[in-house]
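Residue-level structure breakdown
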Amino acid sequence: MRIYWLALFLLLGSRVQAQTEKHSLLVGGGFAMRSGEGVHQFMFNPTVGWFAAKDLAIGGMVSFNGEKVGGVTSSSTGIGPFVRYYFGKAQTRPFVVSEWEYVQSNTKQSSTSSSIKAQGNRLLLGLGFAAFLSETVALEGVTGYSYSKFKNTDANNGFALRLGFGVYLNRKANKAFKEKMKPLEDE
């Protein structure tokens, strides 16, 4: 088992020639937390993508959000697809992104026993960047226009900003790495 952890560590720090080649894998997401006087919030959104063509990633995401402001507690979960197209070959790679998410939310007031449940959609159209800290790990940022619409409520739209990370795994490099690690596994 230790050899697999060693292999993963070496893979993340190894030199991979092309992060966004066809058949590469993208695993990432973001986490945010805020706590203050009477306000507690958290957000977690893992993503997994596959490069269907050079520089074109398609994938899926899940989001978990929770918030408590005074006596009001709300939580939401979402799931949906995304598409990204990357430009350039530099250490920082810009991309355009489109995300759609189906969201379910639940809001409770502590003074009452009732809760309000809602279902809706969220759409994000934006620009992002992947600043590669190594050949496989990148700090990512996304900004753009976000539009949300829940059943029986007015639409909510505006500016969105998100930071996170991505791990870019190239299939050919992974295969070569496994071949190099095979003698260590036999020991």
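None of these values were measured; they are calculated from a predicted model.

**A word on the overall build of the protein**
Across its full length, the protein carries two helices and eight strands. Reading the helices (α) and strands (β) of the protein from amino to carboxyl end gives α-β-β-β-β-β-β-β-β-α. Out of the 187 residues belonging to the protein, those deemed buried represent 34%. Put simply, of all contacts in the protein between residues at least 6 apart along the chain, 54% involve residues at least 24 apart. For the protein, the accessible area works out to roughly 11700 Å², and carbon and sulfur atoms hold 63% of it.

**Considerations on empty space enclosed by the protein**
One way to see where empty space is left: roll a probe the size of a water molecule over the atoms. Under the definition given, this model contains one cavity of 30 Å³ or more. As a volume, the largest cavity reaches approximately 120 Å³. Around the largest cavity, the lining is made up of 15 residues, and of these Gly29, Asn45, Arg84, Glu140 and Arg162 lie nearest the centre. Secondary structure elements with two or more residues in the lining of the largest cavity: strand S1 (25-36), strand S2 (39-53), strand S7 (137-150) and strand S8 (156-169). Considering every element that reaches the lining of the largest cavity, the biggest residue donor is S8, with four residues. Here the residues of the lining of the largest cavity sort into four nonpolar, seven polar and four charged.

**Quick notes on the pattern of salt bridges**
Under the defined criterion, the tally for this structure stands at six salt bridges. Here glutamate 99 ties to arginine 122 by a salt bridge, and the two come within 3.2 Å at their closest N and O atoms. In this pair, glutamate 99 is assigned in strand S5 (residues 92-109) and arginine 122 in strand S6 (residues 115-132), connecting sequence segments 23 residues apart. Each member of the pair glutamate 99 and arginine 122 is classed as buried.

**Observations regarding the pairing of S7**
Note: S6 against S7, 13 bridges, orientation antiparallel. When the sheet's bridge partners are listed, leucine 127 is paired in S7 with threonine 143. Where S6 hands over to S7, the hairpin turn is made up of four residues, counted between the paired strands. Two elements, S7 and S8, share twelve bridges in a ladder whose sense is antiparallel. Across the sheet, glycine 144 pairs through a bridge with alanine 160, a residue of S8. A loop of five residues connects S7 with S8, the two strands running antiparallel in sequence, and asparagine 152 in this loop sits at a positive phi of about 65°.

**A word on the environment of threonine 143**
Looking at the secondary structure, you find threonine 143 in strand S7. By relative accessible area, threonine 143 is classed as partly exposed at 28%. Sequence separation between threonine 143 and leucine 127 is 16 residues; the distance between their C-alpha atoms is 5.6 Å. Each residue touching threonine 143, except ones within four places of it in the same chain, is listed here: Gly126, Leu127, Phe159, Ala160 and Leu161. Here the side chain of threonine 143 touches alanine 160 through a polar contact of 3.1 Å, landing on its backbone oxygen.

**Structural notes on a nonpolar patch on the surface**
A surface patch of nonpolar side chains, amounting to about 450 Å² of accessible area, comprises Leu25, Val27, Val48, Trp50, Ile58 and Val83. Relative to the assigned elements, valine 27 resides in strand S1.

The rules behind these values
Residues numbered from 1 in each chain as written. Predicted model: local features only at pLDDT ≥ 70, side-chain atom pairs only at ≥ 80, totals over all residues. Heavy atoms only, no water. Helix = DSSP H or I, 4+ residues; strand = E, 2+ residues; numbered from the N terminus. Buried < 20%, exposed > 50% of the residue type's maximum accessible area, 1.4 Å probe, protein only. Contact = heavy atoms within 4.5 Å. Areas by Shrake-Rupley, 256 points an atom, 1.4 Å probe, with all protein chains shown as cover. 1 Å grid on protein atoms, 1.4 Å probe; cavity = no way out; pocket = protein on both sides within 12 Å on 5 of 7 lines; lining within 4 Å. Points joined across faces, edges and corners; volume = space filled by probe spheres on them. Nonpolar A, V, L, I, M, F, W, Y, C, P; charged D, E, K, R; others polar. Salt bridge = Lys/Arg side-chain N within 4 Å of Asp/Glu carboxyl O. Pairing = 2+ DSSP bridges. Polar contact = N/O pair within 3.5 Å; in protein donor to acceptor, adjacent residues only side chain to side chain. Patch = residues over 30% accessible without salt bridge, like charges linked within 9 Å, V, L, I, M, F, W, Y side chains within 5 Å.

Treat this as a map of the structure, not an account of what it does.
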